[in-house]
Amino acid sequence: MKIRIMGTAAAEGIPALWCDCERCRLARREGERRLRTSTLIDDRLLIDVSPDALTQSCASPAGFARVDDVIVTHPHEDHYAVGEMRWMRPPFSRTRDQRPPLRLHASDEALDLFRKTNGDMPDGLVTGHPVKPFEPFDAGGYAITPVLASHAKNILCMLYIISSGGRTIFYGTDSGLLPQATVDFLKRNPLKFDAALIECTNGVVQSDNMNHLGFNGLEQQKAILGECGCLTDRTKFVSIHFSHNGLPAAREAGDRFAEIGFILGCDGMEFSV
Ligand SMILES: [Zn+2]
Ligand SMILES: [Zn+2]
Ligand SMILES: [Zn+2]
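Given the structure is predicted, the values throughout are model-derived calculations rather than measurements.

Calculation notes
Residues numbered from 1 in each chain as written. Chains lettered and ligands numbered in written order. Predicted model: local features only at pLDDT ≥ 70, side-chain atom pairs only at ≥ 80, totals over all residues. Pairing = 2+ DSSP bridges. Helix = DSSP H or I, 4+ residues; strand = E, 2+ residues; numbered from the N terminus. Axes fitted to C-alpha atoms, helices over the stretch in contact; angles between N-to-C directions. Contact = placed C-beta atoms within 7 Å.

### Notes on the sheet that holds strand S10 (residues 167-172)
Thinking step 1. Spatial strand order, S7-S8-S9-S10-S11-S12-S13: 7 strands in an open sheet with mixed pairing. Both edges of this open sheet fall to strand S7 (137-139) and strand S13 (262-264), since each of them pairs with a single strand only. Between one strand axis and the next, the sheet turns by 25° as a mean value, whatever way the strands run.
Thinking step 2. Of the strand pairs in this sheet, strand S12 (residues 236-240) and S13 are connected by 3 bridges, and their pairing is parallel. By the bridge assignment, Phe237 is partnered in S13 with Phe262.
Thinking step 3. Lying over the sheet, helix H6 (residues 250-259) contacts S12 and S13, oriented at roughly 165° with respect to S13.

In C-alpha cells:
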C-alpha cells in the first residue's frame with residue numbers, strides 16, 4: 001500500500017486561519033504549512049474529505065481522479081467537508097460519471113449530511129454505504145475494519161484498520177485513548193499493523209487524552225495497541241493531526257517524536273508498507 005498523507009493539521013490549520021500567536025508567526029516565517037487531516041491510499045481510497053481537498057489534490061500527482069472509495073471517520077467539518085463532493089457532478093467533473101459509482105462509506109449521520117448538503121446526486125454517481133463500528137466491510141478490494149474512537153461523545157467517531165495485499169495500517173484520528181470496546185475487539189481480533197497513524201492534537205499541552213491525544217498519549221496509545229497484540233518489531237508509527245496550541249517548533253518536534261519512536265507526519269509525506 002502506498003500511503004500519502006494529504007494534511008496533518010487539526011481544524012484550524014497551521015498556521016491557524018485567524019491566529020497570530022508566536023507559534024503561528026514562526027510557521028509563517030519558516031513556510032511551515034499544515035492543512036486539515038486527510039490521507040490517500042494507492043490514489044484510490046480516500047480517508048476523510050478535508051476542507052482543503054482541492055489544494056491537497058493539486059499537490060498530489062494523481063489528484064482524486066482515480067478515487068473510487070471514500071471512508072469517513074466522523075462528520076466534524078475538518079474531516080468531512082461534504083459540500084466538496086458536489087463537484088463530482090457533470091459538468092463540474094467531466095469524467096467522474098464514466099467511472100463506477102463512488103462508494104461513500106460513513107456513519108448513518110454522515111450519509112444523511114451528504115444528502116442534506118448535496119441533494120439528490122445523479123443516479124450512479126455516488127452510493128452510500130453505512131458503516132457500523134466493529135462490522136468489517138470491503139471498499140474496492142480493501143478489507144476495512146471500523147473501530148470506535150473516544151472523541152466527541154454526541155457523534156459516532158470511528159477509526160479504521162485497512163488491509164490489502166497482506167499489509168495492514170491503523171488510521172487513528174481523532175481517537176483519544178482507545179475505549180474499552182475497541183480494546184476488547186482488538187484483543188479478540190489482533191490484526192498486525194505494518195503502520196499506525198495516530199493523532200497528537202494536544203501536543204505538549206497536558207491533557208487526559210480522552211477526546212484528543214497529546215504527546216504522552218501517543219506512548220499510551222502505542223502501549224494499548226501492544227497489549228492488544230497489534231504491533232510487531234516493524235510497525236512504523238507516524239503522528240498526524242496537530243494544533244498550533246501544542247506542536248513544538250518543527251525542528252524540535254521531529255526529535256521529540258523520534259525519541260518515542262514516532263515519525264512527525266508532514267503534508268505530502270508518502271511511504272509504502
Ligand atoms: Zn479533527
Ligand atoms: Zn496560533
Ligand atoms: Zn473531530
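### Focus: unusual backbone geometry
Thinking step 1. With an omega of -10°, the peptide bond between Ile14 and Pro15 qualifies as cis.
Thinking step 2. Topologically, Pro15 is positioned in the loop between strand S1 (2-7) and helix H1 (22-30).
Thinking step 3. Following Pro90, the chain continues into Pro91 via a peptide bond in cis, with omega recorded as 5°.
Thinking step 4. At Ala152, a residue that is not glycine, the phi angle is positive and equals roughly 45°.

### With respect to the sheet that holds strand S2 (residues 38-41)
Thinking step 1. The sheet built from 7 strands is open, its strands ordered S6-S5-S4-S3-S2-S1-S14 with mixed pairing. Two strands in the sheet have a free side with no partner beyond their single neighbour: strand S6 (126-130) and strand S14 (270-272). Taken pair by pair, the neighbouring strands of this sheet meet at an average axis angle of 20°, ignoring direction.
Thinking step 2. Inspection of the sheet shows strand S3 (residues 45-47) paired to strand S4 (residues 69-71) by 3 bridges, in the parallel sense. By the bridge assignment, Leu46 is partnered in S4 with Val70.

By themselves these figures say nothing about function.
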